[in-house]
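# Structural overview
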Amino acid sequence: MLDPHKLLNLANSAIRDYPTASSFALACAGGCTGDAAAQRAEGVATHDWSRSAVYVVWTLFVTFVIDVLFYTHAFSRWFPQKAPDGRVLYGNVAKALLADELLLMPFVYFPCFYLFTQSLVLRKPPGAALRLYAAEASTQLPVLWAYWVPANGVQFLAVPPHLRVLYCTVAVTGYVAVLSGVTQRLNQRRRADAARGKAGAGV
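Residue positions are given per chain, counted from 1 along the sequence in the order it is written. It should be noted that, the model being predicted, local features are given only for residues of pLDDT at least 70 and side-chain atom pairs only at 80 or more, the latter also being counted only at that level, while totals for whole chains, interfaces and linings use all residues. The side-chain numbers reported here are obtained from all heavy atoms of the structure, hydrogens and water having been left aside.

### Some points on the overall build of the chain
- For helices the rule is a DSSP run of H or I covering at least 4 residues; for strands it is a run of E covering at least 2, with both sets numbered from the N terminus onward. Scanning the chain from N- to C-terminus turns up six helices and zero strands.
- Each helix (α) and strand (β) of the chain, taken in turn from the N terminus, gives the series α-α-α-α-α-α.
- Residues are treated as being in contact if the distance between any of their heavy atoms lies within 4.5 Å. In the chain, of all internal contacts separated by at least 6 residues, the share reaching a separation of at least 24 is 71%.
- Shrake-Rupley sampling with a 1.4 Å probe provides the accessible areas, and residues are treated as covered by the protein chains on show and by no other component. Of the accessible surface of the chain, which amounts to about 11200 Å², a share of 70% is contributed by carbon and sulfur atoms.

Structural data, given as C-alpha cells:
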C-alpha cells in the first residue's frame, strides 16, 4: 500500500529539486483544469480547446512571473514569513497581503491579463485593452479580492516559499474557473451591448 507520507515527501523533494519543470507541469494542469471547470459550469456543449489553450498560456505566465518571481523569491525576501527563532511575523504577512492585493494584482496581474487576452489574442490595440480593463475593473477586482485575500492570507502565513507554486496551482485552478466565467459573461455583455447599439443605429 502506498504511504501518503512518503508520497508527500517525494512530491516535496521533486518540487524543491526541479522547480522549473514542476512549475511548468503544475501551471499547465491548473490552467486546463480551471477552464474545463468553467466551460462545464457554463454548459458548453463541445469543449473549446482553443479557449483552454489561452488560459494555459496565461497560467504559465502567472506561474513564472507572479508565483515564482514574486511570491517564491521577492516576497520571501521583502516580507519574511518567520523570524530566525521561528516566530511568525504577522506584520510581514499583512504587508505581503496588502502589497499583493493593492499593488501587484490591480497594477500588474490584471493589466497583463487584458493585454494578453485583448491585444495578443484578439489583436486589439494595447490602449484599447487597458481602457477595457479600466471599464471592467469594478467587476473583476471585487471577485479577485473575495477569492485571493483569504487564499493568499493562508499562503503568506503558512506556506513555505518553495511550496508556493504548488499551493497557488491548487488555488488558481479554482480561480481560473472563476476568472474564465466572469470574463465570458463580460464578453457576452459587450456583444449584447454592441448588438443593441447597431440595432439602435438602424432605427
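Moving on from the model shown.
### Digging into a nonpolar patch on the surface
- Side chains of Leu98, Leu102, Leu103 and Phe107 sit close together on the surface and give an oily, nonpolar patch of about 450 Å² of accessible area.
- Positionally, Leu102 belongs in helix H4 (residues 90-121). Like-charged residues within 9 Å of one another, or nonpolar side chains (Val, Leu, Ile, Met, Phe, Trp, Tyr) within 5 Å, are grouped into patches, provided each residue has over 30% relative accessible area and no salt bridge. A pairing counts as a salt bridge when a side-chain nitrogen of Lys or Arg comes within 4 Å of a carboxyl oxygen of Asp or Glu.

### Regarding the packing of aromatic side chains
- Pairing of aromatic rings covers Phe, Tyr and Trp, the last counted by its six-membered ring, and requires centre-to-centre distances within 6.5 Å; plane angles under 30 degrees mean stacked, over 60 mean edge-to-face, and any other angle means tilted. What the rule picks out here adds up to 19 aromatic pairs.
- Ring plane angle 40° and centroid distance 5.6 Å describe the contact between Phe75 and Phe156, whose orientation is recorded as tilted. Taken together, the positions of Phe75 in helix H3 (residues 49-78) and Phe156 in helix H5 (residues 126-158) put the pair 81 residues apart, joining distant regions of the chain. Note on accessibility: Phe75 and Phe156 belong to one class, buried.
- Plain terms: the ring middles of Phe110 and Tyr133 are 5.8 Å apart, the flat faces sit at 25° to each other, and that makes the pair stacked. A residue pair is termed long-range when its members are at least 10 positions apart, and Phe110 in helix H4 and Tyr133 in helix H5 qualify at 23 residues. For the pair Phe110 and Tyr133, a shared accessibility class is recorded, and that class is buried.
- Three or more aromatic residues link up through ring pairs in this structure, and these residues are Trp58, Phe61, Tyr109, Phe110, Phe113, Tyr114, Phe116 and Tyr133. Burial classes: relative accessible area under 20% of the type maximum marks a residue as buried, over 50% as exposed, and values in between as partly exposed (1.4 Å probe, protein chains only).

### A look at unusual backbone geometry
- With a phi angle near 65°, Arg123 is a residue other than glycine that sits in the positive phi range.
- Counting through the fold element by element, Arg123 comes out in the loop between H4 and H5.

### Digging into the packing of H3 against H4
- Under this scheme, a helix contributes an axis fitted over its contacting stretch, all axes are lines through C-alpha atoms, and angles between N-to-C directions fall in the 0 to 180 degree range. For the pair H3 and H4, the least separation of the axes is 11 Å and the interaxial angle reads 155°. Of the possible angle classes, the one that applies to H3 and H4 is roughly antiparallel. Considering how the two elements wind past one another, H3 and H4 form a crossing that is right-handed. In this structure, H3 uses Val54, Tyr55, Val57, Trp58, Phe61, Val62, Ile66, Phe70, Tyr71 and Phe75 to contact H4, whose residues at the interface are Ala96, Ala99, Asp100, Leu104, Met105, Val108, Tyr109, Cys112, Phe113, Phe116 and Val121. By the definition adopted for this analysis, an angle is roughly parallel if under 35 degrees, roughly antiparallel if over 145, roughly perpendicular if from 65 to 115, and oblique otherwise. Left-handed describes a crossing in which the near helix is turned anticlockwise from the far one by less than a right angle; the clockwise case is right-handed.

### Structural notes on the side chain of Gln81
- Along the polypeptide, Gln81 turns up in the loop between H3 and H4.
- A distance of 3.2 Å separates a polar side-chain atom of Gln81 from the backbone oxygen of Phe156.
- Apart from the residues within four sequence positions on either side, Gln81 is in contact with Arg87, Val88, Leu89, Gln155, Phe156, Leu157, Ala158, Val159, Pro160 and Arg164. N or O atoms closer than or at 3.5 Å make up a polar contact, with two conditions inside protein: a donor-capable atom paired with an acceptor-capable one, and, for residues adjacent in sequence, both atoms drawn from side chains.

### Digging into the nonpolar core
- Within the largest apolar cluster, 35 residues are counted, with the highest numbers of intra-cluster contacts made by Tyr71, Phe75, Tyr109 and Phe110.
- Of all elements in the fold, only H3, H4, H5 and helix H6 (164-201) reach the threshold of two or more residues within this core.
- Broken down by element, the residue count for this core peaks at 11 residues, all from H4.
- Setting aside anything within four residues of it in sequence, one finds Tyr71 in contact with Ile66, Ser76, Asp100, Leu104, Met105, Asn152, Gln155, Phe156, Arg164 and Cys168. Side-chain atoms within 4.5 Å are what join buried Ala, Val, Leu, Ile, Met, Phe, Trp, Tyr and Cys residues into a set we call a nonpolar core.

### Side note on the pattern of salt bridges
- For the structure shown, the criterion picks out one salt bridge.
- A salt bridge links Arg87 to Asp85, with the nearest nitrogen and oxygen atoms 2.9 Å apart.

### With respect to helix H2 (residues 19-42)
- Here H2 is 24 residues long and its end C-alpha atoms lie 34 Å apart, about the 34 Å a rise of 1.5 Å per residue gives.
- Every buried residue of H2 is listed here: Ser22, Ser23, Leu26, Ala27, Gly30, Gly31, Gly34, Asp35, Ala38 and Gln39.
- Once H2 ends, the next one or two residues include Gly43, with phi positive near 75°. A helix's residues, less one, multiplied by 1.5 Å, set its expected span.

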